[in-house]
Amino acid sequence: MDNHHQTLTRRATATDEDIINFLQRQPSLPEDNASPAELPDTSHKRKQSDVANIGNLNIGRSDLRATFELERIEQGVEEEEDDHVHPLKSPLVSPTSYNIGSPTAQRLFFSSHPAIKNVRFIAVFLVFVTVATLGGLNRRSRGGSSSDGDDWGWSMVGDGLWFENEESDWLEYYPDPARLPKMVSTGPQRVDDNLGGMHLFTDVCVTNNIDSAKPPELDTSLRGLIYFDKRMAKNPKRCVPCSTKAMNARAEDKWGESSSLDSELGHQCGMKGLHTMYATSVTDWNDCTAETENRQFMIRNKQNQSPSHAKNVRYFEEPTLLLSFKANDRESSLFDTLFTYLPYWHVYRKEGYPFNNVFSKSVQGCLSHSRNWFCELTHQMGAFGYARETNWEESHATLYCFKNLYYNQLEYQRNLSHPRQITKQIMDEFRDEIFNHFGLRPRDRKEMIEKDRKLATRILLYANKSGDKNRWDDLDKLVRKVTGKHPHVDFHIVQDFDIPIAEQARLFNSADAVVMATGDHMANSIFVEDDTIFAELACGSPSLTNNPRFMELIAGSSTSVDSYTTSSCSESRSDAAFCITCLQDKSSFTMPSASFEALIDDIVKRHSGKTSVVRDER
């Protein structure tokens, strides 16, 4: 035992190769495939799961790493099957490299070798010597840390306990914002002047508006942008974001020296979905937001941010896309977010994506495991290529900062007012992609060989019975009255749209006509076949799908239905062929049976005409 002790002590300053040779020369290390009879008897036996892997010494090309779980061994703590430890809770991050000794060999050696007690403490000493030596050599120029993206191996700034992977330098962690190097923000710069809607910022940080996500708004799309500009240092309200009212009064993407300043705050507000706050550093932003007057203004205007006080910072070196959308509104997420991005997707899937990460605070795990309607849609269409999703912590103390941040501007294409951006070709490409991934019938009826064999014209209806507004009363009675007149029509009434997106897609894809009370479920119109007929019933403003440009893009047609509140539809003597009568609070409406019958007659006639044209063209 003394010999082993002396030998290992003498090697405390030896080379890495010497340490390897020493461990490999031990006579009591059997092979992994040794039979039970060949294994030496131990003084105390444990199941394999009871023995921690304390001898897993890993030697890389540029550093020496080792993990010893001495306390677990001595206390007999049972090892879990998954020995992956979250990097922020582990003092060492040890990527796989050269493994010395098999698990069986390590178990026998460290449980029965006569010199193990002294070797343990000397080995721990070697580990800390190595860490202290290599920690300073591997520290980066920014003084930060990095992660390899797969096992999230974090390393502290200015702390030699954790190692970094030199081949993966896309993320740095700062436990103290004061250690973050000076940042000077630039942007917004339009990524493509012809397309619009996408902007690039450099050296900025992102916060989350926690007031907008609360009832009744439930808006998960609003973000704050900390813009570092020393010219704003003397403005005491530099860190305060503009109110939503002030934001809505400004142009959708007007931001620059020529833009007007907010009269109350003395700085520019930003753009839709991205409210600007100014500072000279993260520490300066902390101090500014802590001022009583500024804090009261943010509370009064519902502009509370998370974090409200940054205690640590994650700085992303690689280009990142900021993805913001309203998670609880299918229609808004489609028109306000996806349609802005769609022209860029058309380009990037051919030429490559300029960003490596996607950061979203709208839904956790949007690109990986979320069943949110919008998230499923972007996943199926491969919207972001191979970009990794950046997971964010449920913490009110962590601030996320970015060297290069792409912002997909909210509401830029809400009304499809930029016709050059989304062409029919781009929409067809998008719809073909999602039709293929959701296993839907081809969108073009001319490609459907089985079309002539359909037994009935299918009309999809929805009464919105669970909605707060626009509930269609007595829809079932109306359908029963016209069924006898149109026995060849398949009337399918949807009871609820709280179903997976794949089922929603199949419902709309199977319809020849859609007759529904308005709502965000109308976003599923992207799944219909060409030449589908729409009749949307609404007390007030219709959905965003009731747009001539959108109908043109999906090759659909819309039927107008008038609404009345002061008098009944039948008494109005209107020239409109179809109409509904709404309650004063617009909570529900009714439709006269004569008007409903006329609507169904019109749909059947138009559909039969289009079907015959398709047949004649074959």
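Once a new chain begins, its residue numbering starts again from 1 and follows that chain's sequence as written. Only residues with pLDDT of at least 70 are given local features in this predicted model, and only at 80 or more are side-chain atom pairs given and counted; all residues enter the totals for whole chains, interfaces and linings. Excluding hydrogens and water, the side-chain figures rest on all heavy atoms present in the structure.

Caption draft 1: Looking closely at the overall build of the chain. From N to C terminus, the chain includes 15 helices and 24 strands. Looking at the chain residue by residue over its 618 residues, the buried ones come to 53%. We call two residues in contact whenever any of their non-hydrogen atoms come within 4.5 Å of each other. Relative to all contacts within the chain whose residues are 6 or more apart in sequence, the contacts with residues 24 or more apart total 71%. Accessible surface computed for the chain: about 29500 Å², of which carbon and sulfur atoms make up 48%. Each helix corresponds to a stretch of at least 4 residues labelled H or I by DSSP, and each strand to a stretch of at least 2 residues labelled E; elements are numbered beginning at the N terminus. To sort residues, take the accessible area from a 1.4 Å probe on protein chains only and compare it with the maximum for the residue type: under 20% means buried, over 50% means exposed, and anything in between is partly exposed. With residues, only the protein chains shown are counted as cover, and all accessible areas are computed by Shrake-Rupley using a 1.4 Å probe.

Caption draft 2: Structural context of the environment of S466. The topology assignment puts S466 in the loop between β16 (457-462) and β17 (471-472). Residue S466 is classed as exposed on the basis of its relative accessible area of 60%.

Caption draft 3: Representation of the pattern of salt bridges in the model. For this analysis, a salt bridge means a side-chain nitrogen from Lys or Arg found within 4 Å of a carboxyl oxygen belonging to Asp or Glu. For the coordinates displayed, the defined rule picks out 22 salt bridges. With its nearest N and O atoms 3.6 Å apart, the salt bridge here joins K272 to E411. Of this pair, K272 sits in the loop between β8 (270-271) and β9 (274-279) while E411 sits in the loop between β15 (398-408) and α11 (424-437); the two residues are 139 residues apart in sequence, bridging distant segments of the chain. Relative accessible area serves as the criterion here: at 18%, K272 is assigned to the buried category.

Caption draft 4: Just the packing of helix α9 (residues 330-351) against α11, in detail. The angle between two axes is taken between their N-to-C directions and runs from 0 to 180 degrees, where each axis is a line fitted to C-alpha atoms and a helix contributes only its stretch in contact. Remark: α9 packs on α11, axes separated minimally by 10 Å, with the N-to-C direction vectors making an angle of 85 degrees. Taken together, the axis directions place α9 and α11 in an arrangement best described as roughly perpendicular. Only Q425, I426, M427, E429, F430 and E433 of α11 make contact with α9, whose side of the interface consists of L338, F339, L342, P343, W345, H346, R349 and K350. In this classification, the charged set is Asp, Glu, Lys and Arg, the nonpolar set is Ala, Val, Leu, Ile, Met, Phe, Trp, Tyr, Cys and Pro, and all remaining amino acids, among them Gly, are polar. Broken down by class, the residue content of the contact of α9 with α11 amounts to eight nonpolar, two polar and four charged. When an angle is under 35 degrees it counts as roughly parallel; over 145 it counts as roughly antiparallel; between 65 and 115 it counts as roughly perpendicular; any other value is oblique.

Caption draft 5: Fine view of the state of the cysteines. Cysteine sulfur atoms that come within 2.5 Å of each other are treated as a disulfide pair. If you walk through the whole model with that rule in mind, you get five disulfides. Between the sulfur atoms of C239 and its disulfide mate C288 the distance is 2.2 Å. In this structure the cystine formed by C239 and C288 twists about its S-S bond by roughly -80 degrees; its chirality is therefore left-handed. Here C239, found in the loop between β7 (223-228) and α6 (244-248), pairs with C288, found in helix α7 (residues 282-289); they are 49 residues apart in sequence, far enough to count as distant. Between the sulfur atoms of C366 and its disulfide partner C375 the distance amounts to 2.1 Å. Because the torsion about its S-S bond is -110 degrees, the bridge between C366 and C375 counts as left-handed.

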